[in-house]
Every structure is written in C-alpha cells, then in structure tokens.
Amino acid sequence: MTKTDTANQTGWNFDNSYTRLPKTLYTILNPIPVPTPELVILNRPLAAMLGLNSEALQSQNGVAVLAGNEIVEGSLPLAQAYAGHQFGHFTMLGDGRAHLLGEQITPAGERFDIQLKGSGRTPYSRQGDGRAALGPMLREYIISEAMHALDIPTTSSLAVVTTSETVYRKTKLPGAILTRVAASHLRVGTFQYVSRWGTLDELRILADYTLQRHFSHFDAVDNRYLFLLQEVVKRQASLIAKWQAVGFIHGVMNTDNMTLSGETIDYGPCAFMNTYDPATVFSSIDIHGRYAYGNQPVIAQWNLARFAETLLPLLHADQDQAVRLAHEAVTAFSKLYRDNLLERMRAKLGLFNEEPEDEPLLEDLLSLMKKYSADYTNTFRALTLDETNDTALFLSTEFAKWHNLWLKRIGRQQENTEACRRLMMSSNPALIPRNHRVEEALEAAVMHGDYSVMRQLLDMLADPYAHSPLQNDYASPPPESNRPYRTFCGT
C-alpha cells in the first residue's frame, strides 16, 4: 500500500500550519520506527469525530502510522520547541519524545493536532531515550477519557500501541506510543521560548497565529494582544474551577503544561482526591506541595503572569502602560475563578440562584469534610441521592446543623425538590477514576497483558453522571492504608 492509499483509506486529512511559523519554533523530524507495533486500544468515537476509519486504523498500515513507522501523504512530522518554569525554575524544554504529525482537518472543518508521544528522541530530549512505557501511556488514555466524560476540557487519546521494545526506568518496562489529539500544543512555555530566544517579529507572528487558531473573533477589538491575554485568563479560570469541583489534582502545573486553548494537558503524576484536604498532593516529586489541590488556582495565576510577561512588548509601546495592562488582566483571574467555582459548587448543592450566604455555606461544608476526613466525591454523591450514611461526618451534630441550613436555602428557591435533585445529579459525578482502580487496570495490562480490567473501568467512567447501581463498586474509596498513594511522572 502506498502512502497515499493509507491516507485515503484511513481518512487522514493533514494540514501543517505550524510549519509556516518561524523555524526556530520546531525541528522537522520523523519518528523513529519500532520493530513490531501492536494496537492495544483505539478510541473509536474520537476516530469518527476526526473523520478516520477505525477499521483502517486497525490494519497493519494503520497501526504503522500510529507507531510512527509510516508517514502518510500530507503529514510533515516535527518536534516543537518550548521552554517553561518547572517547579518555579526556568529551563529550556521542547518535545523530547513527541512528534507532531500534523493537524487533522475534520469533516466539520475543525483542526486538531495529532501527536505521537514516545515516538523517539528529538533535539530536545535532554539525554532522554525518547520513548515511553506502556503504563503511563495507558494512564493518560484512561484519565483523558475520564476528564472528557466529566465535561472538563482536555487533550484526548486516540490510540495506544505497544512497540515490542523494552524501556528502562527503575525496572524494565514494555514500551508504548500514545496518539494524542489536542486543539493545539501551544503553551505558555511556547511564548516563553520565543520571548527568551526569539525576536519581536517572531513573538508577534506566534501571537497572531494563536489568535487565528483559538480566538478568531479578535478582529473587532482595539488591542488584539491584550485580548489574547484576557481570553487565555478566562479559559484557565474556567478550567481550574472545573478541576477543583471534581477534586482533580494535576500534579505538575509547570508553565509548559498550561495550554493556551484551555485544555488540560499532560497526565503524568495526576490523581483524584479521595479524602477532602486542600493540602493533598500525590506526585512523588512535589515534595513541598507546590501543586497541591488547594494551590492549583494560585499556581494557575502565577503561570498566567509568566505568560503576560512574554506579551509585554506587544501590549503597549510604553513599558509602564504594558505592565499596567498585563497586571489588570492577570489580576482579573481571581474573581473569574471564584465566580466559576461558586457557580459549579452551587450546582453541586442544587442551588439555581445566588444568595450572599452561599459561599459561607459551601465553606462550612468543606471545613466539616476536612475535619471528619470525609470522601470528597462520595459526600456530594450522598447529598445528591439523599443517602447520608453512618460516616463520622453525617453523624455529627455540626453536619445536622449545616444540613438544616442547606434545606432551608433550597426551600427559598422557586425550583422544586425534583429539579434540585436533577441539577445535583448532573453536577456531582457518581464516580471518578479512583486511583486504586486505575492502578489495578494498569497492573493487569502491564504485568499480565490483560486489558479487560481497563476496558471495564473505561466503560464505567464513560457516563459518570448516570448514578447507576452498576457503578457502586467503582464509587468506593480505596481500602485504608498506612502508605500514602504516590504517583510518578511516568517518563
């Protein structure tokens, strides 16, 4: 089969607009082939949305493309350059083990990056081997699917293929390649790279490209670069509020992991909170808790300030004026985030309208949850289903007092009890990807070649707001343990 045949039969329809940017932003480079790639999971609904033929993707030639062994007509693979603050320290980065195959233009006319992760070394590998292990790639597939089902903007996973190669980390692990789909891979770190090592013209070109790609309604504004900053701030305020509302902990909120599109990216040491505690951190490398659950809004604003710094030369010719505009835009994050979060938390409590006492009501509940070590997701699930059980929280007199205030607050609404219940059911997931369930699925796949555990987990996570009895087992928190749960970057 020729390259053109593969593209036509599968439905690949690539454009390569990123290659029309300044050449300092990328390196044209093909993935490094692997010996015997095998497809282990394919996201059929995503494939259909992209305009791809799932059957052709599963063919020998289709898998060869997903492994980087074959380059289809229209694809021009590259590795992107970027920089970033990692745990507060600035460094040169880039796609050390990823190749952007191009941008798939869907039947609906939408544009999505198609990137292979674990596809070989690039000039940005920083002494890495350019490969990825099976477990972390499957983790990204699971969590990105869960985030999508939870209605949280996210990059998506099209497929995972094994490579028949061994990856050496602390132990020998099976190698794999993930096909990641994103609105784009433009990051705060992309702008930091150009700001540090590029020219003003290159910065302007990158900013205009970002506007065209993600904020095309900028024509009517007076200051397009201020508009870009403001829109990125808005999207991140919305995104982080959605994270907080479901107890998601990213784990590594470096500036290179903040997209300008507003999608969640990089599912390395991420996890979902069980027992409610703002200090919760799972990442093995986050020893000081920089990216703990309660710090995520502050870190998001800090990252946005770094983005604003890169735009200063474009915001205004006068430096002081530019700083003032940037400061105002970044400072607006706090209120935008608070308003977004309050809206989501009100919905979790079945509240349709706004009252001044709502924020203290929510804060009191969270304080009680922390005091009594209550499970975050299951507390809201119990309130939703009116199944407050015999946990320490629900047996306390403090909760009884809070519960009475909450019922009175609901009673002041025009909406009836059933409407409130429906709102809560659509706002409180019955289950999340519990960390122990994810580990269970990964162990079965990696250690035993058994993907059925993962597929069953994915089936349960596909409709987290169903509140079906079938989901009950997956809603249970992990057994008590003296060993804290830890996640790893999965490089």
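Here the structure is a predicted model, which is why all the values come from computation and not from measurement. (Residues numbered from 1 in each chain as written. Predicted model: local features only at pLDDT ≥ 70, side-chain atom pairs only at ≥ 80, totals over all residues. Heavy atoms only, no water.)

On to the packing of aromatic side chains. The tally for this structure, following the rule as stated, stands at 17 aromatic pairs. Taking the centre distance of 5.3 Å and the plane angle of 70° together, the rings of tryptophan 243 and phenylalanine 248 count as edge-to-face. One exposure class covers both tryptophan 243 and phenylalanine 248, and it is buried. Ring pairing ties together the aromatic residues Trp243, Phe248, Tyr267 and Phe272, which thus form one cluster. Over the ring of tyrosine 82 we find arginine 187, and its NZ or CZ is 4.1 Å from the ring centre. Here the guanidinium or amino end of arginine 196 rests over the ring plane of tryptophan 197, the centre of that ring lying 5.8 Å away. (Phe/Tyr/Trp six-rings, centres within 6.5 Å; stacked < 30°, edge-to-face > 60°. Buried < 20%, exposed > 50% of the residue type's maximum accessible area, 1.4 Å probe, protein only. Lys NZ or Arg CZ within 6 Å of the ring centre and 35° of its normal.)

Quick look at the environment of glutamate 398 now. Among the structural elements, glutamate 398 can be located in helix α14 (residues 397-411). Taking the C-alpha atoms as reference points, glutamate 398 and isoleucine 142, separated by 256 residues in sequence, lie 38 Å from one another. Excluding residues within four positions of it along the chain, glutamate 398 makes contact with Leu368, Lys371 and Tyr372. (Helix = DSSP H or I, 4+ residues; strand = E, 2+ residues; numbered from the N terminus. Contact = heavy atoms within 4.5 Å.)

The next subject is helix α17 (residues 452-461). Within the sequence span of α17, burial applies to Met454, Leu457, Leu458, Met460 and Leu461. End-on view of α17: buried residues confined to an arc of 160°, all on one side of the axis. Buried residues belonging to α17 abut β3 (38-42), α5 (134-149), α16 (435-448) and α18 (472-475). (Arc of directions from axis to C-beta.)

Looking now at the pairing of strand β10 (residues 156-168). Both β3 and β10 contribute to a ladder of 4 bridges, which runs antiparallel. Among the inter-strand pairings, leucine 42 is bridged to a residue of β10, identified as alanine 159. Here β10 runs beside strand β11 (residues 172-182); their pairing, made up of 9 bridges, is antiparallel. Each residue of the ladder has a partner; that of serine 156, found in β11, is valine 181. (Pairing = 2+ DSSP bridges.)

Our focus in this paragraph is helix α7 (residues 200-214). Each full turn of the α-helix corresponds to 3.6 residues, which orients residues three or four apart in the same direction. A rise of 1.5 Å per residue sets the reference length of α7, with its 15 residues, at 21 Å; its end C-alpha atoms lie 21 Å apart and thus fit the reference within 8%. Among the residues of α7, those classed as buried are Glu202, Leu203, Leu206, Ala207, Tyr209, Thr210, Leu211, Arg213 and His214. For α7, the secondary structure elements touched by its buried residues are β7 (98-105), β8 (111-117), α6 (188-197), α8 (224-246) and α9 (296-315). (Expected span 1.5 Å × (residues − 1).)

Its location among the elements puts threonine 377 in helix α12 (residues 376-385). Those residues within four positions of threonine 377 in sequence are excluded, and the remaining contacts are Val246, Pro429, Ile432 and Arg434.

Its location among the elements puts leucine 186 in the loop between β11 and α6. Leucine 186 sits in the buried class, given a relative accessible area of 1%. Expressed as a C-alpha distance, the spacing of leucine 186 and aspartate 256, which sit 70 residues apart in the sequence, is 9.0 Å. Excluding its chain neighbours within four sequence positions, the residues that come into contact with leucine 186 are Tyr18, Leu206, Tyr209, Thr210, His214, Met258, Thr259 and Leu260.

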